[in-house]
Amino acid sequence: MPRWSTVPDAAFLWLPIGDDDRFTSHDLISEPRMVALCPGHPLAARTELRIADLANEPIVGPRAGMPPAVVRFWFIDPRPDGTPAIFGPEGRTPEECLQLVAAGRGSWIAPASTATYFAFPKLVWLPLVDAEPLRLALMWPRRSASPLLDLLLRESRRIVRPCTPAAVAAASRS
């Protein structure tokens, strides 16, 4: 009778997740940041945004239970000029964040691939051209050692493709 091996717990996560030396991570891709806006937003007619354009814009997103450094990274707080980000309502999931954006309660900063997955008429996605890209990594507990983890990492690197603002624009037209 064959013995089935299982892959120790592993996850695909957007970095950073905070300081935690219990995990090993390997970067897979880097993607530009995009900003979700409601179609009637004053910035929605632009073709791209800069961090300074978001100076008076409430940013929605998850915060509860997250390390402060991680929240600061995702919300770009403080801004390059030293001003604080404006924290809008908290959305715990991508769907909640996008509902808040569609309702005009703020904007959301997310990876470009999120924009292709959630492309629908109640949203406008614009590239945030001067923001540090976001990195997707494969992570697992440092104590885990398995040939299946090596295989998962190798195959993930083989098939993963970063998303670009051009791919977002194409997805929104379809």
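Residues numbered from 1 in each chain as written. Predicted model: local features only at pLDDT ≥ 70, side-chain atom pairs only at ≥ 80, totals over all residues. Heavy atoms only, no water.

Caption draft 1: Quick peek at the overall build of the protein chain. Each helix and strand counted, the protein chain has 5 helices and 8 strands in total. If you list the helices and strands of the protein chain from N to C, you get β-β-β-β-α-β-α-β-α-β-β-α-α. When the backbone C-alpha atoms are referred to their principal axes, the protein chain occupies close to 65 × 35 × 25 Å. Considering only contacts in the protein chain between residues 6 or more positions apart, those separated by 24 or more positions represent 80%. Distance between charge centroids for the protein chain: 4 Å, based on 19 positive and 18 negative side chains. (Helix = DSSP H or I, 4+ residues; strand = E, 2+ residues; numbered from the N terminus. Contact = heavy atoms within 4.5 Å. Lys, Arg positive; Asp, Glu negative; His and termini not counted. Charge placed at Lys NZ, Arg CZ, Asp CG, Glu CD.)

Caption draft 2: Summary view of the nonpolar core. Counting residues in hydrophobic clusters, the biggest one holds 20 residues, and the most contacted among them are Val35, Leu49, Leu54, Ile109 and Leu128. Every element with two or more residues in this core is listed here: β3 (33-37), α1 (68-75) and β7 (124-127). Looking at this core, the element that brings in the most residues is α1, giving 5 residues. Not counting chain neighbours up to four residues away, the residues in contact with leucine 49 comprise Val35, Leu37, Leu43, Leu54, Leu126, Pro127, Leu128, Val129 and Asp130. Residues Met34, Ala36, Val60 and Ala115 belong to the second largest nonpolar core, which totals 15 residues. (Core = buried A, V, L, I, M, F, W, Y, C linked by side-chain atoms within 4.5 Å. Buried < 20%, exposed > 50% of the residue type's maximum accessible area, 1.4 Å probe, protein only.)

Caption draft 3: The arrangement of the sheet that holds β7 in detail. The strand order across the open sheet formed by 3 strands is β6-β3-β7, and the pairing between neighbours is antiparallel. For this open sheet the edge positions go to β6 (108-111) and β7, each flanked by a neighbour on one side alone. Across the sheet, the mean angle from the axis of one strand to that of its neighbour is 35°, orientation sign disregarded. The pairing of β3 with β7 spans 4 bridges and is antiparallel. Bridge assignment links methionine 34 to a residue of β7, and that residue is proline 127. Each of β3, β6 and β7 is contacted by helix α2 (residues 94-102), which is oriented at about 140° to β6, the strand it contacts most. (Pairing = 2+ DSSP bridges. Axes fitted to C-alpha atoms, helices over the stretch in contact; angles between N-to-C directions.)

Caption draft 4: Looking closely at the sheet that holds strand β2 (residues 23-31). Sheet architecture is open: 3 strands sit in the order β1-β8-β2, paired in antiparallel fashion. The two strands at the open ends of the sheet, each matched to only one other strand, are β1 (11-15) and β2. Averaged over all neighbouring strand pairs, the angle between strand axes comes to 35°, with direction disregarded. With 8 bridges joining them, β2 and strand β8 (residues 134-141) adopt antiparallel strand pairing. Across the sheet, residue isoleucine 29 finds its bridge partner in β8, namely leucine 136. Sitting on the sheet, helix α4 (residues 147-159) touches β1, β2 and β8, and the angle it makes with β2 is about 10°.

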